[in-house]
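Chains, contacts and geometry: an overview
Chain residues, written in single-letter form:
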Amino acid sequence: MAERLAGYTGNLHLLKGRAIDVWHAFQENLSSQGGGLHGIKSRTSEKITGLKEKAISSLNKGNEGDYSHVYRRKSRAELVRVSAAVMGIEFAYSAETAFVSPTLLGIGIQHRNMTLIWCLSPIIGFFLTPLLGSVSDRCKSRLGRRRPFIILLSIGIILGLLLVPNGKYFGQLMGDVYPEEELFEKISGNVNTTAVADEADVINEVVDTSSHPWGIFLTVLGTVLLDFDADACQSPSRAYLLDVCIPEDHALGLSTFTIMAGLGGSLGYAMGGINWDNTFIGVMLGGHVRAVFTLVTFIFIACVIITLYSFSEIPLDVLSDSSNVESINERRMLDGEKYGKFEEEIEASKTYGTMEENYPYQPNHMGVDNPGFQESSFTEYPNNQNEFQEPAEINQLETQPLPHVGEISLREYVTSIIYMPKSMRILCLTNLFCWMSLVCYSLYFTDFAPVGSPEREIYEEGVRFACWGMAMYSLSCSCYSFIIERLVKRFRARQVYMGGQLVYTFGMILMALTRSPAGVIIFSWTAGVMYSTLFTMPYLLVAHYHASQVFAEDASGTRQCSTTVRGLGTDVALVSSMVFLAQFILSSSMGSIISAAGSTTAVIVSAAVLSFCGSMAASQVMYLDL
């Protein structure tokens with residue numbers, strides 16, 4: 001026994017000696033490479049910096065300093081890549097629209113509290129989105145001004161897509177219990193305790209939620225993140241499209257943007273209309289809702305990656321560096337001669353890089369001097385104002401000083417939000433009416449039915465049917481977007497903007513009168529016309545204002561150039577923020593309207609009235625020469 005103990009002791013001493021040797025060798029290695037914990041920290045920082053630089057270089061395709069792609073025309077395929085992110089956003093938005101309300105009801109949140117939850121995102125978004133737009137106008141990242149915000153908001157969307165269907169499950173891991181569900185499982189013999197949120201059993205109308213606070217908190221947090229970020233992410237995505245395209249491509253780019261949005265919405269809603277519970281994917285992923293949200297998450301990530309890798313932006317320090325002015329102007333002139341229009345004669349592209357005779361030099365929306373960024377491809381000028389300038393005039397314009405965008409303070413951008421020109425106020429009012437009318441159409445009021453009951457089966461069938469109706473409206477949005485640019489060329493912007501809203505008004509009136517499933521499917525196509533209109537026209541006008549730096553006209557129609565600083569990202573976000581105000585107004589008032597009317601038909605009637613008001617407001621919008 002003593003010999004064995006001596007042997008064990010000897011072995012322990014040997015192990016101890018080896019461990020000490022290894023530790024000393026590790027310390028010596030650290031000392032030779034920088035020393036102790038400080039060395040570890042330094043090397044970790046270097047690795048993180050290296051990964052960051054590698055990611056930036058990858059997103060910029062390793063050609064930082066070469067921005068010739070910004071000053072040429074883009075093909076439809078290239079515009080599809082730039083607009084891919086909004087397709088992913090609409091996939092996420094369709095999943096939210098179809099399943100968030102049943103999910104919240106399924107974890108015990110009462111109808112009267114649903115309004116408060118849906119108000120959170122609009123309140124945050126209405127104040128925060130324009131501010132984010134102003135910050136993006138001043139962003140000094142090497143990735144540019146818009147892509148960092150697309151990445152940031154996309155992370156919020158991904159978190160929302162993960163939390164909404166899994167909030168209840170995460171809550172159960174943290175100790176939440178659902179007594180009503182456990183009672184139903186005992187009765188039915190079902191022992192599945194990881195059912196998705198919309199499959200919970202809510203036996204009583206009033207559910208005690210004190211037993212599962214974490215599930216409610218995480219699901220509500222996911223709802224707010226998903227709703228806010230999905231709407232807010234569209235602003236930098238739109239501004240990114242306008243920044244990397246020349247003004248001649250703005251109309252085609254925005255129509256492509258809307259096509260991708262409609263395509264994403266139609267496929268997303270159609271995905272929600274499929275009964276995934278009866279498929280291998282649904283069984284593997286844990287039910288219908290989890291299957292939809294999981295698929296949407298992967299699709300969204302792929303779409304955002306495509307957009308981020310489409311084109312590199314011009315960083316703010318390059319835009320504000322006056323030493324770059326000569327090379328930028330030379331690139332514009334060379335590209336203007338090299339790249340022709342797709343739909344018009346190639347010789348017309350030589351006007352790119354020139355300025356109309358009667359309009360003074362103005363900085364463009366990207367912050368560099370604007371020796372004649374041409375207007376949209378369908379712009380016409382009276383009295384031959386679109387004729388070419390003489391070379392001497394061009395050279396004179398090129399020698400004008402470059403405005404230093406970096407010197408513009410955030411306070412000036414925020415001030416531009418509060419003190420908007422009349423043209424922007426009317427445009428925001430019109431977009432508010434448009435969004436209010438469309439949100440009315442999107443609202444779906446119903447009661448939550450217990451699992452296994454006939455009412456529950458009817459409920460689920462109704463949700464899937466609603467998904468197909470929304471898919472039809474998104475599909476019609478894409479179809480109409482293919483022709484909206486041609487309509488603007490032929491009938492002008494005023495008629496297209498007003499006409500799109502009147503078509504929707506007529507469709508909602510007929511839907512209210514018919515009140516049948518077939519009517520919902522048929523007249524949902526008019527909602528697509530409205531969606532395409534509000535997704536394209538206001539932003540085309542904003543880009544037009546910034547390209548010409550004209551935000552006002554006098555009584556005689558003479559343009560008045562802007563004397564205040566306005567950022568494109570700020571104004572795009574400002575117009576986009578009307579969706580949050582629309583959601584807030586309707587979520588706080590529509591319940592009372594329905595109760596007073598005694599029928600959900602009041603929702604459709606309200607949509608028609610608001611759309612007509614939007615059409616009247618659109619008649620007062622400043623269109624310049626569009």
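Cut-off values and rules
- Residues numbered from 1 in each chain as written.
- Predicted model: local features only at pLDDT ≥ 70, side-chain atom pairs only at ≥ 80, totals over all residues.
- Heavy atoms only, no water.
- Helix = DSSP H or I, 4+ residues; strand = E, 2+ residues; numbered from the N terminus.
- Buried < 20%, exposed > 50% of the residue type's maximum accessible area, 1.4 Å probe, protein only.
- Contact = heavy atoms within 4.5 Å.
- Areas by Shrake-Rupley, 256 points an atom, 1.4 Å probe, with all protein chains shown as cover.
- Core = buried A, V, L, I, M, F, W, Y, C linked by side-chain atoms within 4.5 Å.
- Domains from an automatic or database assignment.
- Axes fitted to C-alpha atoms, helices over the stretch in contact; angles between N-to-C directions.
- Parallel < 35°, antiparallel > 145°, perpendicular 65-115°, else oblique.
- Left-handed = near helix turned anticlockwise from the far one by under 90°.
- Nonpolar A, V, L, I, M, F, W, Y, C, P; charged D, E, K, R; others polar.
- Phe/Tyr/Trp six-rings, centres within 6.5 Å; stacked < 30°, edge-to-face > 60°.
- Lys NZ or Arg CZ within 6 Å of the ring centre and 35° of its normal.
- Expected span 1.5 Å × (residues − 1).
- Bend = angle between axes of the 7 residues up to and from the residue.
- Salt bridge = Lys/Arg side-chain N within 4 Å of Asp/Glu carboxyl O.
- pLDDT = per-residue confidence, 0-100.
- Polar contact = N/O pair within 3.5 Å; in protein donor to acceptor, adjacent residues only side chain to side chain.
- Patch = residues over 30% accessible without salt bridge, like charges linked within 9 Å, V, L, I, M, F, W, Y side chains within 5 Å.

1. Quick word on the overall build of the chain
In terms of helices and strands, the chain carries 23 helices and four strands. Counting the 626 residues in the chain, one finds 54% classified as buried. In the chain, the proportion of contacts linking residues at least 24 apart, taken out of those at least 6 apart, comes to 82%. Carbon and sulfur atoms make up 63% of the accessible area of the chain, which totals about 27,700 Å².

2. Some details on the nonpolar core
Grouped together as the largest cluster of nonpolar side chains are 127 residues, with contacts concentrated most on I157, W435, L438 and Y545. For this core, the element with the highest residue contribution is helix α20 (residues 517-548), accounting for 14 residues. Residues lining this core come from more than one domain, with at least three contributed by each of domain 1 (72-187 + 198-316) and domain 2 (416-625). For W435, the contacting residues outside a window of four places in its chain are Y531, L534, F535, M578, V579 and A582. In this structure, Y67, V70, Y71 and V318 belong to the second largest nonpolar core, which totals six residues.

3. Topic: the packing of helix α19 (residues 493-514) against α20
The interhelical angle for the contact between α19 and α20, taken along N-to-C directions, is 155°, at an axis separation of 8 Å. One finds that α19 runs roughly antiparallel with respect to α20. For the pair α19 and α20, the crossing hand works out as left-handed. Touching A493, V496, Y497, G500, Q501, V503, Y504, G507, M508, L510, M511 and T514 of α19 are G519, V520, F523, S524, T526, A527, V529, M530, T533, M537, P538 and L541, all from α20. Residues of the contact of α19 with α20, tallied by class, amount to 16 nonpolar, eight polar and no charged.

4. A word on the packing of aromatic side chains
Tallied over the entire structure, the rule returns eight aromatic pairs. Geometrically, the ring pair formed by F126 and F127 is edge-to-face, given 5.2 Å between the ring centres and 75° between the ring planes. Given a relative accessible area of 60%, F127 falls into the exposed group. Through a chain of ring-to-ring contacts, three or more aromatic side chains come together here, namely F257, W435, Y531 and F535. Positioned over the ring face of F311 is K74, at 5.3 Å from the centre of the ring. One cation-aromatic arrangement involves R238 over F535; the distance from NZ or CZ to the ring centre is 4.6 Å.

5. Thoughts on α20
Along its 32 residues, α20 runs 47 Å from first to last C-alpha, staying within 8% of the 46 Å computed at 1.5 Å per residue. Taken as a whole, α20 carries its principal kink of about 25° at S524. Along α20, 26 of the 32 residues are buried, which leaves the element largely enclosed by surrounding structure. Note on α20: the residue one or two positions beyond its end, Q549, has a positive phi of about 55°.

6. Some points on the pattern of salt bridges
Applying the stated criterion to the full structure yields seven salt bridges. Between D243 and R146 there is a salt bridge, with its nearest N and O atoms 2.7 Å apart. Of this pair, D243 sits in helix α9 (residues 234-244) while R146 sits in the loop between α5 (111-137) and α6 (147-173), and the two are 97 residues apart along the sequence. Its relative accessible area of 6% is what places D243 among the buried residues.

7. Details of the confidence of the model for the chain
Here the chain averages 75 in pLDDT, and 70% of its residues register 70 or above. Taken together, the stretch residues 190-206 has pLDDT below 50 and engages in 47 contacts with residues farther than four places along the chain or on a different chain. Counted against residues more than four places away or in other chains, residues 444-451, with its pLDDT under 50, gives 30 contacts.

8. Overview of the packing of helix α22 (residues 578-597) against helix α23 (residues 601-618)
Running from amino to carboxyl end, α22 crosses α23 at an angle of 120°, the nearest separation of the two axes being 8 Å. Of the possible angle classes, the one that applies to α22 and α23 is oblique. In this structure, α22 meets α23 at a crossing whose hand is right-handed. Two secondary-structure elements touch here, α22 through M590, I593, I594 and A597 and α23 through A602, V603 and S606. The residue inventory of the contact of α22 with α23, partitioned by class, reads six nonpolar, one polar and no charged.

9. Things to note about the environment of E313
Considering the arrangement of structural elements, one finds E313 in the loop between α12 (288-308) and α13 (316-319). Residues E313 and S141, 172 residues apart in the sequence, show an inter-C-alpha distance of 10.0 Å. Among all residues touching E313, those that are not within four sequence positions of it are Y67, L143, G144, R145, R146, R147, Y240, D243 and V244. Reaching out from E313, the side chain makes a polar contact with the backbone nitrogen of R146 at a distance of 3.1 Å. Separated by 2.9 Å, the side chain of E313 and the backbone nitrogen of R147 make a polar contact.

10. Observations regarding a nonpolar patch on the surface
A cluster of nonpolar side chains, Y169, F170, L173, M174, W214, F217 and L221, forms an exposed patch at the surface whose accessible area comes to about 660 Å². Contributions of two or more residues to the nonpolar patch are made by α6 and α8 (213-232).

11. Description of unusual backbone geometry
Of note, the phi angle at Q549 is positive, near 55°, even though the residue is not glycine. Tracing the chain through its elements places Q549 in the loop between α20 and β3 (550-553).

12. Brief notes about helix α4 (residues 84-106)
Taking 1.5 Å of rise per residue, the 23 residues of α4 would be expected to cover 33 Å, and the 33 Å separating its terminal C-alpha atoms lies within 8% of that figure. Remark: the principal bend of α4, roughly 45°, maps to F99, with a proline, P102, within the next four residues. Counting buried positions over the 23 residues of α4 gives 21, a clear majority of the element. At the C-terminal side of α4, G108 shows a positive phi close to 105°.

13. Some details on the environment of S611
Tracing the sequence through the fold places S611 in helix α23. Put simply, S611 and V503 are 108 residues apart on the chain and 9.2 Å apart in space, counted from C-alpha to C-alpha. With near-sequence residues (within four places) excluded, S611 lies in contact with S437, Q501, Y504, T505 and M530. Only 2.9 Å separates the side chain of S611 from the side chain of T505, close enough to count as a polar contact.

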